[in-house]
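# Results of the structural survey
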Amino acid sequence: MDPIAPDRERIARAASFVINGGLVAFPTETVYGLGCDCYNPEAIRRIYEVKKRPPDNPLILHVSSQHQFEEAVVNIPETAWKVLEKAWPGPLTMVLNRSAKVPKEVSGGLGSVAVRMPAHPVALALIDLSGRPIAAPSANLSGKPSPTNAKHVEEDLSGVIEVIVDAGETFFGVESTIVDLTVEPPNLLRPGAFTVEELRQIIGRPPALSRMARGFAEAEVAISPGMKYRHYAPRTKMLLVEVADSIEKIEDNMLAIGRESSQRGERVAMLCSDETEHRYRNEGFITRSLGTRQNLYTVARSLFSALREVDSLGITLIVSEAFEEKGIGLAIMNRLRKASSSSMAANSRR
Ligand code: TXA
Ligand code: MG
């Protein structure tokens, strides 16, 4: 259906599945979610089962009104009201203290709960017409890149869920930014479609940003349960060539690694950008440009499709460029680091 002016009657049909305990995949502005009635513990259990998701990795509560938000959380800090006012609906998830109304199954037994109001007409209508918040993780098999279109959902979950609401490609292509507002200063748990720069403006101070949130090797104790698992990984080995001081340096490093690996018998593909693609192509490498460095939103939008596609290129090694960790680039680098088996870092080690 049309993502901007969706057919409410068909969404109402999907909502009836939600109300009856079904699992419904639906588009949001970030990625597709796999949703169910947040008050139905049995349906929540099935979400974990069909995704093969570790049981301690909680879901996000998706709301469509301020009323639903106020029912879901307690001890709401001033900062949360600011976020609600300025960033919602939008790709920013807040972790707050869970109210007794929200079943503990939604957040894997934690005392907190992650909540967001998605900025997608289909998602908002689905929550509205279901008459309750929808609990949802991304609609992929655990460990795979999040789905940015209905085809991806079908690849992973066909036959084990009741409904896929297909509204084409999502808008951002990477998941929401998650910020923990139960601590001071607020802690950025996952960079995402909502930029840290914007978040900082709203909350009036910089959120804490750990190395783990940047996608480097996990800390001993994971702050956000979901962060400790390897994610987004293609089956093919992937090497990330981290930032050198110039794009020419990155190109040179990419080519050096590419040539050397080819000599060792690897079949190499270069994950790159519009600006650099021709150099690798000229040397005979298979290439996949993620978008233009002039606009990292283009890179974000094609990233997960690319990570899904590379396994079918008949290659044995993916060598990927790094991108600037600014704006949505922070989310892109987090996903690339998590997807890669190793990274060649200029100034930081995994
Ligand atoms: O954009 C998105 O966030 C998408 C769409 C569907 O809304 N959802 C999504 O959910 O990406 P997913 O699969 O990433 O799962 C929820 C994430 C996990 O990383 C989990 O660890 C974190 O949210 N999370 C949920 N509840 C939490 C809590 N109480 N404390 C800390 N992290 C939490
Ligand atoms: Mg996910």
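Every chain is numbered independently, its residues counted from 1 as its sequence is written. Chains carry letters from A onward and ligands carry numbers from 1 onward, assigned in written order. Where local features are concerned, this predicted model is filtered to residues with pLDDT of at least 70; where side-chain atom pairs are given and counted, the filter is 80 or more; whole-chain, interface and lining totals use all residues. Side-chain numbers come from the whole structure's heavy atoms, not from hydrogens or water.

Attention now moves to the overall build of the protein chain. Comment: elements are numbered from the N terminus, with helices defined as DSSP H or I runs of at least four residues and strands as E runs of at least two. A count of helical and extended segments in the protein chain gives 11 helices and 16 strands. For this measure, only C-alpha atoms enter the radius of gyration; the expected value for a globule follows 2.2 Å times N^0.38, where N is the number of residues. For the protein chain, the C-alpha radius of gyration of 20 Å lies close to 20 Å, the compact-globule estimate for 350 residues. Seen through its C-alpha atoms, the protein chain measures out along the principal axes to roughly 60 × 45 × 35 Å. Here the protein chain, with 350 residues, has 57% of them falling under the buried criterion. By definition in these notes, contact holds between two residues if any of their heavy atoms fall within 4.5 Å. In the protein chain, the share of contacts with a sequence separation of at least 24, taken over all contacts with a separation of at least 6, comes to 68%. In this tally, Lys and Arg are treated as positive and Asp and Glu as negative; His is ignored, and so are the chain termini. Where a charge lies is defined by one atom per residue type, namely NZ (Lys), CZ (Arg), CG (Asp) and CD (Glu). Measuring between centres, the 42 positive side-chain charges of the protein chain sit 4 Å from its 43 negative side-chain charges. Between buried and exposed lies partly exposed: a residue is buried under 20% and exposed over 50% of the maximum accessible area for its type, with that area taken using a 1.4 Å probe on protein chains only.

On to the nonpolar core, then. Looking at soluble globular proteins, one finds that nonpolar side chains tend to be buried together. Counting 61 residues, the largest nonpolar core has Leu34, Phe69, Trp88, Met94 and Leu126 as the members making the most contacts within it. The nonpolar core is taken to be a set of buried Ala, Val, Leu, Ile, Met, Phe, Trp, Tyr and Cys residues, with the residues joined through side-chain atoms within 4.5 Å. Formed by 27 residues, the second largest nonpolar core is a distinct cluster that contains Leu240, Leu271, Ala300 and Met333.

Take the side chain of Ser130 next. In this structure, Ser130 sits in helix α5 (residues 121-130). Judged by its relative accessible area of 2%, Ser130 falls in the buried class. Nitrogen and oxygen atoms within 3.5 Å of one another constitute a polar contact, given that in protein one can donate a hydrogen and the other can accept it, and given that sequence-neighbouring residues count only through two side-chain atoms. A polar contact is formed between the side chain of Ser130 and the backbone oxygen of Leu126, at a distance of 2.7 Å. Leave out the neighbours within four places in its chain, and Ser130 touches Ala15, Val18 and Ile19.

Packed helices, taken two at a time, are described by the angle their axes make and the gap between the axes. Every axis in this analysis is a line fitted to C-alpha atoms, fitted for helices over the stretch in contact. Angles between the N-to-C directions lie between 0 and 180 degrees. The N-to-C vectors of helix α10 (residues 296-309) and helix α11 (residues 329-339) enclose an angle of 20 degrees; their axes lie 9 Å apart at closest approach. Our classification of the angle between α10 and α11 gives roughly parallel. The hand of the α10/α11 crossing is left-handed. Note on element contacts: α11 touches α10 through Gly329, Ile332, Arg335, Leu336 and Ala339, opposite Leu296, Val299, Ala300, Leu303, Phe304 and Leu307. Amino acid classes used here: Ala, Val, Leu, Ile, Met, Phe, Trp, Tyr, Cys and Pro are nonpolar; Asp, Glu, Lys and Arg are charged; the rest, including Gly, are polar. Across the contact of α10 with α11, the residue classes tally to nine nonpolar, one polar and one charged. These descriptions rest on fixed angle ranges, namely under 35 degrees for roughly parallel, over 145 for roughly antiparallel, 65 to 115 for roughly perpendicular, and the rest for oblique. In this scheme the handedness of a crossing depends on how the near helix is turned from the far one: anticlockwise by less than a right angle means left-handed, clockwise means right-handed.

A few words now on the domain arrangement of the protein chain. An automatic or database domain assignment supplies the start and end points of every domain. Taken domain by domain, the protein chain holds domain 1 (8-209) and domain 2 (237-349). Each of domain 1 and domain 2 has a C-alpha centre, and these two points are 30 Å apart. Looking only at domain 1, the three residues that lose the most surface to domain 2 are Pro145, Val174 and Pro191, adding up to 33% of its buried area. Salt bridges, as used here, are contacts in which a Lys or Arg side-chain nitrogen is within 4 Å of a carboxyl oxygen on Asp or Glu. The interface formed by domain 1 and domain 2 contains three salt bridges. Buried area is a sum: the accessible area each of two parts loses on coming together, probed at 1.4 Å, counted once for each and added.

You can see Thr287 is positioned in strand β14 (residues 286-289). Take Thr287: its relative accessible area is 16%, and that puts it in the buried class. For Thr287, the side chain forms a polar contact with the side chain of Glu277, separated by 2.8 Å. Apart from the residues within four sequence positions on either side, Thr287 is in contact with Met270, Cys272, Glu277, Tyr280 and Arg281.

Attention now moves to the pattern of salt bridges. Across all of its chains, the model carries 26 salt bridges by this definition. Lys101 is the partner of Glu71 in a salt bridge, and the nearest nitrogen-oxygen pair spans 2.9 Å. You can see Glu71 sitting in helix α3 (residues 66-72) and its partner Lys101 sitting in the loop between β5 (92-98) and β6 (112-116), a full 30 residues away along the chain. The closest approach of N and O atoms between Arg308 and Asp156, which form a salt bridge, is 3.0 Å. Remark: Asp156 occurs in helix α6 (residues 150-157) and Arg308 occurs in helix α10; sequence separation between them is 152 residues.

Right, let's get into the packing of aromatic side chains. Only Phe, Tyr and Trp rings take part, Trp by its six-membered ring, and two of them pair if their centres are within 6.5 Å. Stacked means planes under 30 degrees apart, edge-to-face means over 60, and tilted covers everything else. Overall, the coordinates contain three aromatic pairs when judged by the stated rule. Measuring from centroid to centroid gives 6.2 Å for Phe172 and Tyr297, while their planes differ by 50 degrees, and the two rings are tilted. Placement of Phe172 in the loop between β8 (163-164) and β9 (177-180) and of Tyr297 in helix α10 is noted, with a sequence separation of 125 residues between them. Residue Tyr297 is classed as partly exposed on the basis of its relative accessible area of 35%. One aromatic cluster is present, built from ring pairs that chain together Phe69, Trp81 and Trp88. Both a distance and an angle decide whether a charge sits over a ring: NZ of Lys or CZ of Arg must be within 6 Å of the ring centre and within 35 degrees of the ring normal. The ring centre of Phe216 lies 4.2 Å from the NZ or CZ of Arg211, which sits over that ring.

So, about α11. Burial analysis of α11 places 11 of its 11 residues in the buried class, the great majority of the element. By the burial criterion, the buried members of α11 are Gly329, Leu330, Ala331, Ile332, Met333, Asn334, Arg335, Leu336, Arg337, Lys338 and Ala339. Looking at the buried residues of α11, the elements they touch are β10 (187-190), α7 (196-203), β11 (208-209), β12 (237-241), α10 and β15 (317-321).

Here is the key point about a regular strand: its side chains alternate between the two faces of the sheet. A large share of β6 lies buried, amounting to five of its five residues. When DSSP locates at least two bridges between a pair of strands, those strands are taken to pair. Sheet topology note: the strand β3 (residues 60-62)/β6 ladder contains three bridges and is parallel. If you follow Ile60 over to β6, its bridge partner there is Ala114. Bridging between β5 and β6 involves four bridges; their strand directions are antiparallel. By the bridge assignment, Leu96 is partnered in β6 with Val113.

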